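# Coordinate inspection notes
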Amino acid sequence: MIGVVCGRGRCNNIQIIISSKRIMTSIEFNRTSNVFLNTGIIALHHYLEMCAEDESLLAYPLNQSNFNLEKDKLTINHDNLFQLLEDVYYLMGKEVYDTATNKQREELGNVFYVEETDSFERFPKIYTLGLTNLITNNAQGGTREETNTIKLEELKKKKPEVAEKIETYFADNKLTILSKIYFNEPYTKITRLDKPNKLYFEPGKEFCYLTGGSIKKLVDNQNTSPFFSGLLNFNSYLKGGDKKISWKAMYLSRFAPKFCLYMYVSGLDSIVCYLFESGNLEQLQQIYNENRSVFKSKLELLDANYMSNFKFHNFNYRKDNENKLTLKSDYTEQAEISFMLIYTIYRQILFNQGVDEITDTNDDFDPMSESSFKKLPVSLVSFRADKFAATLRPNAFEYFNNFKFAIRLISYLERKEVSFQQALGSLKFLKPSEKTSKNSCRLERQTRNRVLKKILDQKSILADIETLFFQCFTLMTSGENVGFKNFHVLLKLVELYQPIIYSKDNNNMKEETEKIQEKAIKFGSSIGISIIGYENANTLSEKQSNAKNGRAYIISLHKSRTLSQFTEAVIRLQKKYNIIFSGELLNNINEENFEMVRQFAIISALNQINSVLKNTQP
């Protein structure tokens, strides 16, 4: 028995055991720093378990003793190892890559010719979707056996009578014939697997930029995985001109789509993808196992035409509700999709604990207390790819390490009665000039995407909420419709969220800053109530008229860029509306905090005013 050990710097992370007959019978897939390869290991282990449980999937026996997943590696031992790796590969490809829709299944728009019986069999045309599309660039399908795929022009030269028979069949059945003809089996959209040989595993001088290992021979990934060359963030060892990777990296990367969460937006022009990462392979497997319910079932995938493979929490959307929040197309931007994925996982965590309404829990409730996430390190890796020429190219990448913070923040806000159904619907905003734009759907979601991105990154949202409130105010005073808005919920969101940022940025000043925030909100509320109630207005019409007449004063507050300008605007309000403000607040406003006071005051004032203009009194 000859042992060849391959590790980082020596041989593409792989160990092989070769018997005296030079037959490879054992292989190790080691954990790497590459999230695609690690996910591929977990997916490969999943299919090995599937085959061990269902003996009909393979023509030879496989049991749990033939493979073992540990913290840093997956080991496979089998006398028929190469055949096993190939069979599992194509089994996965049929499920993950061959994404035929119901319509494609009904139309059966392709054909393969069975030589033995001189007959034709129909099968679906397939447009592979998800991460599989990025990996293969939706290349034309190919058969598992290379000899079963032949180009039509080549077939005309070698077997003209067969070529003519095939062309006649396509024409008679009004089918479109492409450049490749298939024999004896339908095509699969997964790229044909390069047959492994010992040069792929022995130490050498060829460097793999995905693993950092060096081996005797690499495989060309230019035509099989063009997507990787554009995703520099995942390539820790990338060098200029690298186009080849190790056979092992190629094999694992093609398994990664099994556990990649994806969602198309703007038709097929953009896609957002997510992968989990954790401290080791066992932890990563546990994360995926406990979140299987987030993935759509086979029937749900068919119903969605494979445009997304994961679910969003259902906010009980009603058709007559102005807040059309739970429509499938409501989320188009990366941050808002990320937030909704995290929110859905959070809701699943609650469900697993038997918790329905979070407001029924006490203030000390920790959603992580009985969840495996409490002990597991977890990151959510995301990227977006947009159409460029004929391909989708990645252009936005993020390692999100605040996953646990986000879960606990959502729980805290819901316990304080912040309705995310209301908040998420209210954060959409579209200017009148943008309503006729071809891109209006995405434009309407930019504010929401920006706010949710800042929340996930633990950054202040105060300026964004103030701008939103002010824009809605100016539009409504001009008679424009601003869509669904619950200003009170947005005020509550920013009121509860901002102190968390104070604690993060300067814990020593947190208590004092919170007191000033509270007074600024009361200050703004006094302004709003005084404006809409001017001259003892009682009817809605009178209050709305007062709100419009107070426009100049609100604009003056909004445009204040210095403490002196802000003070002058406040004095004008006092004189006009005879408002008595807290001397304690006014005496504590300085150059450092006046901007925060100004923003909270405007938000609080417009919460009153906008609600009257919208006819949704807080």
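Refer to the structure printed above.
The sections below set out a description of the structure shown in this document. (Residues numbered from 1 in each chain as written. Predicted model: local features only at pLDDT ≥ 70, side-chain atom pairs only at ≥ 80, totals over all residues. Heavy atoms only, no water.)

### Overview of unusual backbone geometry
Although it is not a glycine, Asp-118 adopts a positive phi angle of roughly 55°. Mapped onto the secondary structure, Asp-118 falls in the loop between strand 6 (110–114) and strand 7 (119–123). We classify Asp-118 as partly exposed; its relative accessible area is 42%. The phi angle at Asn-305 is positive, at roughly 55°, despite the residue not being glycine. As for its position among the elements, Asn-305 is in the loop between helix 10 (298–303) and helix 11 (334–352). (Helix = DSSP H or I, 4+ residues; strand = E, 2+ residues; numbered from the N terminus. Buried < 20%, exposed > 50% of the residue type's maximum accessible area, 1.4 Å probe, protein only.)

### With respect to helix 23 (residues 594–614)
Taking 1.5 Å of rise per residue, the 21 residues of helix 23 would be expected to cover 30 Å, and the 29 Å separating its terminal C-alpha atoms lies within 8% of that figure. The sharpest bend along helix 23 comes to roughly 30°, located at Asn-607. Counting buried residues along helix 23, 20 of its 21 residues qualify, which places the element largely inside the surrounding structure. One or two positions beyond helix 23, positive phi appears at Asn-615, with a value near 65°. (Expected span 1.5 Å × (residues − 1). Bend = angle between axes of the 7 residues up to and from the residue.)

### What about the nonpolar core?
As a rule of thumb, nonpolar side chains are buried together in soluble globular proteins. Grouped together as the largest cluster of nonpolar side chains are 168 residues, with contacts concentrated most on Phe-29, Leu-44, Ile-76, Tyr-251 and Phe-276. Setting aside residues no more than four positions away along its own chain, Leu-44 makes contact with Phe-29, Leu-74, Ile-76, Val-88, Tyr-251, Leu-252 and Phe-255. Residues Tyr-113, Ile-150, Leu-152 and Leu-155 belong to the second largest nonpolar core, which totals 13 residues. (Core = buried A, V, L, I, M, F, W, Y, C linked by side-chain atoms within 4.5 Å. Contact = heavy atoms within 4.5 Å.)

### Here's the deal with the pattern of salt bridges
Tallied over the entire structure, the rule returns 29 salt bridges. Between Lys-156 and Glu-167 there is a salt bridge, and its shortest N-O distance comes to 3.3 Å. Taken together, the positions of Lys-156 in helix 5 (residues 152–158) and Glu-167 in helix 6 (residues 160–172) put the pair 11 residues apart, joining distant regions of the chain. For Lys-156, a relative accessible area of 32% translates into the label partly exposed. (Salt bridge = Lys/Arg side-chain N within 4 Å of Asp/Glu carboxyl O.)

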